[in-house]
Amino acid sequence: MEIRHATHPDQIPRLGTEELRARHLVEDLFRPGTVRAVYSHHDRMVVAGTAPAPGEPVALPAFDALRGPYFLDHREAGIVNVGAPGTVTVDGAVHRLGDKDCLYVGRGAREVVFASDGPSPARFYLVSTAAHTEHPTALVRFADTEGVGLGSAEGSNLRTLRRYIHADGVRSCQLVLGVTVLEPGSMWNTMPCHTHDRRTEVYLYTGLPEDQRVVHLMGRPQETRNLIVADGQAVISPSWSVHCGFGTHHYAFVWAMGGENQAFEDMDPVAVADLR
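Residues numbered from 1 in each chain as written. Predicted model: local features only at pLDDT ≥ 70, side-chain atom pairs only at ≥ 80, totals over all residues. Heavy atoms only, no water.

Enquirer: Residues and numbers for the overall build of the protein, please.
Expert: When its secondary structure is counted, the protein shows 1 helix and 23 strands. Taking 2.2 N^0.38 as the reference for a compact globule, 276 residues should give roughly 19 Å; the C-alpha atoms of the protein span a radius of gyration of 18 Å, in line with that estimate. By principal-axis analysis of the C-alpha atoms, the protein measures approximately 55 × 40 × 35 Å. Put simply, the protein has 276 residues, and 55% of those count as buried. Put simply, 72% of the contacts in the protein that link residues at least 6 apart link residues at least 24 apart. (Helix = DSSP H or I, 4+ residues; strand = E, 2+ residues; numbered from the N terminus. Rg over C-alpha atoms; globule rule 2.2 N^0.38 Å. Buried < 20%, exposed > 50% of the residue type's maximum accessible area, 1.4 Å probe, protein only. Contact = heavy atoms within 4.5 Å.)

Take a look at the structure:
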């Protein structure tokens, strides 16, 4: 497990491209045969991924950095499959996940095992937050969630937002998670952008062709920086940072938040004219 310390906004202007990527971009998430994990000191969030080879299940380790007998000893997790069909087995119970299906696993689960169903690997993406209460494991299928249409074709941000783990859906201690899918011809994932001073947010970009990218904006609204992001890469956005992006191709992204509250609307909008 890689440990990443929190960054102060005053540090960002002094960071070069590689330093900025090393602190805020999570690459190479979906490795066969192992779980790649990053522990961020921003709201103690963990981002992880794996792509089990067919016939070779991968267990979620109890990383030493978590100081517990198993990964979810004092944590909860949302797991989204962004690949071919696969299964997540939690303490012996098997859950089948297709593309963009989500499994919430609550605090106290001891054994989590990932497996691919067929010749193509599943790609399991995991986001975890600290938890002080227990909630039951729950499966949410992409096709069964209610989509909310946002944006416009004129603004190049026509998209559908689906909430999975939230106060009025699958209950959690503090984790909030969902998926947003952009329509063909739309490139901005949100604009105007925003910050939310009470929560860290992580974006995983998915559905991009191999030769396409998203230009992700981050930093203080008055002094932004950018990251060039490929398919299957995640961006950790501190509470003080804007987080939005423009793609060279339409895509989807898994958004996940952890922090002081679960109020989706608790955000601070930034007018386009105020960005620098």
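Enquirer: Requested: an account of helix α1 (residues 17-24), with residues and values cited.
Expert: Inspection of α1 places Leu 20, Arg 21 and His 24 among the buried residues, and these make up the whole buried set. Taken end-on, α1 shows its buried residues confined to a sector of 95 degrees, consistent with a single buried face. (Arc of directions from axis to C-beta.)

Enquirer: Before we move on, can you summarise the nonpolar core with the specific residues and values?
Expert: Counting residues in each nonpolar core, the largest one holds 26 residues, and the members touching the most others are Leu 29, Tyr 125, Ile 165, Leu 177, Leu 204, Ala 234 and Val 254. Taken together, the elements giving at least two residues each to this core come down to β9 (102-105), β11 (124-130), β14 (159-165), β15 (176-182), β17 (199-206), β20 (234-237) and β22 (252-259). Judged by nonpolar contacts, the second largest core, of 24 residues, contains Leu 72, Ile 79, Val 90 and Ala 109. (Core = buried A, V, L, I, M, F, W, Y, C linked by side-chain atoms within 4.5 Å.)

Enquirer: Please give an account of the pairing of β22 that cites residues and values.
Expert: Of all 8 residues in β22, 8 are buried, a share of seventy percent or more. Where burial is concerned, the two faces of β22 agree: the one with Ala 252, Val 254, Ala 256 and Gly 258 and the one with Phe 253, Trp 255, Met 257 and Gly 259 are both buried. Here 6 bridges tie β15 to β22, and the two strands are oriented antiparallel to one another. From the neighbouring strand, Thr 180 faces β22, where its bridge partner is Phe 253. Of the strand pairs in this sheet, β17 and β22 are connected by 8 bridges, and their pairing is antiparallel. Bridge pairing links Thr 200 to Gly 258 in β22. (Pairing = 2+ DSSP bridges.)

Enquirer: Go over the sheet that holds strand β7 (residues 86-90), please, and point to the residues and values.
Expert: Strands sit in the order β5-β10-β7-β8 across an open sheet of 4 strands; the sheet is antiparallel. Two strands lie at the open edges of the sheet, namely β5 (58-59) and β8 (93-97), each paired on one side alone. Pairing geometry for β7 and β8, over 5 bridges, is antiparallel. Within the sheet, the bridge partner assigned to Gly 86 lies in β8 and is Leu 97.

Enquirer: Could you give an account of the environment of Leu 20, naming the residues involved and the relevant values?
Expert: Tracing the chain through its elements places Leu 20 in helix α1. Judged by relative accessible area, Leu 20 falls into the buried class, the value being 4%. Apart from the residues within four sequence positions on either side, Leu 20 is in contact with Ile 12, Leu 15, Leu 25, Met 218, Arg 225, Asn 226 and Leu 227.

Enquirer: Quick one: what's the story with the packing of aromatic side chains, residue by residue and with numbers?
Expert: If you walk through the whole model with that rule in mind, you get 7 aromatic pairs. With 5.1 Å between their ring centres and 65 degrees between their planes, Trp 188 and Phe 246 make a pair best called edge-to-face. Of this pair, Trp 188 sits in the loop between β15 and β16 (194-195) while Phe 246 sits in strand β21 (residues 244-247), and the two are 58 residues apart along the sequence. Each ring, one from Tyr 205 and one from Phe 253, has its centre 6.2 Å from the other, and the planes form 45 degrees; the classification is tilted. Residue Tyr 205 is located in strand β17, and its partner Phe 253 is located in strand β22; the two are separated by 48 residues in the primary sequence. Assigned by exposure class, Tyr 205 and Phe 253 land together as buried. The residue whose ring lies beneath Lys 100 is Phe 142, and the NZ or CZ to ring-centre distance is 5.9 Å. The side chain of Arg 123 reaches across the aromatic face of Phe 30, ending 4.7 Å from its centre. (Phe/Tyr/Trp six-rings, centres within 6.5 Å; stacked < 30°, edge-to-face > 60°. Lys NZ or Arg CZ within 6 Å of the ring centre and 35° of its normal.)

Geometric values such as these leave the question of function open.
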